[in-house]
Amino acid sequence: MSEPLPDRMQAVVVHGPEDYRLEEKDVPRPGPGEMLLRVEAVGVCASDLKCYHGAAKFWGDEHREPYVQVGRSPGHEFVGEVVAGDEEAFAHHRVAIGDRVACEQIVPCEECRYCRRGQYWMCGPHDMFGFKNFDGAMAEYVLVPIRARVHQVSKQLEPHHAAFAEPLSCALHAVERANISFEDTVVVAGCGPIGLGLILGAREKNPMNLIALDLDDDKLALGKACGADLTINIREEDAVARIKELTDGYGADVYLEGTGHPSAVGQGLNLLRKLGTYVEYSVFGSDVTVDWSIISDDKELDVLGAHLGPHCWPAAIKMLEDGKVPVEQICTHQFALADFQQALDLVGDTSGASVKVSLLPGRRG
Ligand SMILES: [Zn+2]
Ligand SMILES: [Zn+2]
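These figures come from a predicted structure and were not determined experimentally.

Novice: Got a minute to help me understand the packing of aromatic side chains in this structure?
Specialist: The relation between two aromatic rings is expressed through the spacing of the ring centres and the mutual angle of the planes. Counted according to the given criterion, the structure contains 7 aromatic pairs. A ring pair is formed by Phe58 and Phe131, whose centres lie 5.2 Å apart and whose planes are at 15°; its orientation type is stacked. Residue Phe58 is found in helix 2 (residues 56-59), and its partner Phe131 is found in the loop between strand 7 (127-129) and strand 8 (133-134); the two are separated by 73 residues along the sequence. The burial state of Phe58 is the same as that of Phe131; both residues are buried. Ring geometry for Tyr120 and Trp121: centres 6.1 Å apart, planes at 85°, overall edge-to-face. Judged on exposure class, the residue Tyr120 and its partner Trp121 are both buried. Three or more aromatic residues joined by ring pairs form one cluster here, namely Phe58, Tyr67 and Phe131. We note Lys57 situated over the ring of Phe58; from NZ or CZ to the ring centre the distance is 5.6 Å. Lying across the ring of Tyr120, Arg149 places its NZ or CZ 3.6 Å from the centre.

Okay, structure coming up:
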C-alpha cells in the first residue's frame with residue numbers, strides 16, 4: 001500500500017565542480033526489492049563541500065579514479081519517511097510504510113572479499129548515496145536499494161537532528177578504534193560535527209580526562225556541552241605543553257583527530273605519550289608531512305585509521321533518542337532545497353558561523 005506519488009520532484013544535481021543545480025526530475029518509482037523515501041532532512045557534510053570544490057579525492061587525478069558522477073544528486077546524511085516499496089523490501093529492512101528511517105551512506109556490494117568478511121564499510125566497489133551509483137538525498141525523494149543498510153529512527157526527533165546519526169556513527173566508529181580505558185587522558189582535535197561526535201563517543205567510554213582542542217571559543221563551549229572535561233584554545237595556548245603539564249610530563253594516552261587540518265597531525269604525534277594511540281578520521285585536502293620517527297623510534301605509537309560508522313548506527317541513534325546529544329546547539333542552520341547554494345557556502349565559511357548545516361527538502365524556500 002502506497003500513497004499517491006507526484007510525478008516530478010526537485011533535486012540538486014551535480015554538473016561539475018562548483019556547478020550544482022536545482023532541477024526538476026522524475027520521482028523514481030521503486031522496482032523489485034526497492035523502497036522510496038520522502039526525504040525529511042539531509043545534512044551537508046564537509047565531504048560534500050570538498051567534492052563541490054573539485055577535490056581530487058572525488059574528481060580523480062593521476063592516482064585515483066573519479067568517485068563522484070555527473071548527473072547524480074548529492075546527499076548521504078539523511079532521514080526520510082518510507083512512502084513506497086514492495087513486500088520484499090519492507091521484510092528485508094524490517095520497516096513499514098510511514099516509518100522514519102536513516103540509511104547508512106555506503107551501499108555494500110555484499111560480494112567482495114570485505115563484504116563477505118563482514119567488513120562492509122571497506123567494500124571494494126564502494127557504492128555510496130550521493131557519490132557513486134546511487135542518488136543521494138538532496139532531493140524530495142530518494143530510492144533505497146535492497147543492498148542499503150537501513151535503521152529506524154524515532155519520529156520524536158526533529159528530522160535534521162535525526163540526520164545527525166550519520167556523522168555521529170562515523171565518530172563513534174573512530175572512538176571504538178581507540179580502545180579507550182578508564183584511566184586514559186583522551187584528546188579530541190576539532191569541535192566541528194565530527195569532533196563533537198568524537199567527544200560524545202569518548203564521553204560514553206568515561207576516560208579519566210577528556211580534552212577538546214579548537215581555535216574557536218564558541219566551538220570549545222560546544223565541546224564542553226558534549227562532555228569534554230577541559231578545553232584548550234590552541235590559538236591562545238600551547239596544547240602540547242599544557243597536556244604534558246596535565247599528565248606529569250607523559251602526554252595523552254589517546255588522540256582522536258577530526259579537523260582535517262595538516263597541522264593537527266604533528267600536534268597529535270607530539271602530545272601523545274609513548275605507546276599512545278592516534279586515530280585519524282579526517283579527509284585531507286593535501287599531503288601531510290610529519291617526522292615518522294616519532295611513531296617508531298621515539299614513541300612506538302599505534303596509528304589507526306577510521307572510515308564511516310560500521311556497527312555504530314544503532315548506538316548513534318540511541319544516543320540521539322536518549323537526548324544525550326545537544327542537537328539544538330549542533331544543528332545550527334536549516335535551509336530549503338532551493339537554497340542549497342547558501343547551505344554549501346555556509347559550510348565553506350571558515351569564520352565558524354555554523355556547525356551542522358542541513359537541508360529540509362519539505363520546506364519551501
Ligand atoms: Zn558525511
Ligand atoms: Zn563489497
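Novice: Just checking my understanding: could you explain the coordination of the zinc ion (ligand 2) for this structure?
Specialist: Around a metal, the idealised angle for a tetrahedral arrangement of four donor atoms is 109.5 degrees; for an octahedral arrangement of six donor atoms it is 90 or 180 degrees. Each protein donor to the zinc ion (ligand 2) is listed here as Cys109 (SG), Cys112 (SG), Cys115 (SG) and Cys123 (SG); together their distances run 2.3 to 2.5 Å. The site at the zinc ion (ligand 2) holds 4 donor atoms, and with the angles between them running 100 to 119°, its shape is tetrahedral. In the primary structure, the donors to the zinc ion (ligand 2) are separated according to the pattern C-x2-C-x2-C-x7-C. Like Cys112, the residue Cys115 is buried in the burial classification.

Rules used in this analysis
- Residues numbered from 1 in each chain as written.
- Chains lettered and ligands numbered in written order.
- Predicted model: local features only at pLDDT ≥ 70, side-chain atom pairs only at ≥ 80, totals over all residues.
- Heavy atoms only, no water.
- Phe/Tyr/Trp six-rings, centres within 6.5 Å; stacked < 30°, edge-to-face > 60°.
- Helix = DSSP H or I, 4+ residues; strand = E, 2+ residues; numbered from the N terminus.
- Buried < 20%, exposed > 50% of the residue type's maximum accessible area, 1.4 Å probe, protein only.
- Lys NZ or Arg CZ within 6 Å of the ring centre and 35° of its normal.
- Donors = N, O, S within 2.8 Å, 3.2 Å for Na, K, Ca; no water.
- Tetrahedral: all angles 85-135°; square planar, octahedral: opposite > 155°, others 65-115°.

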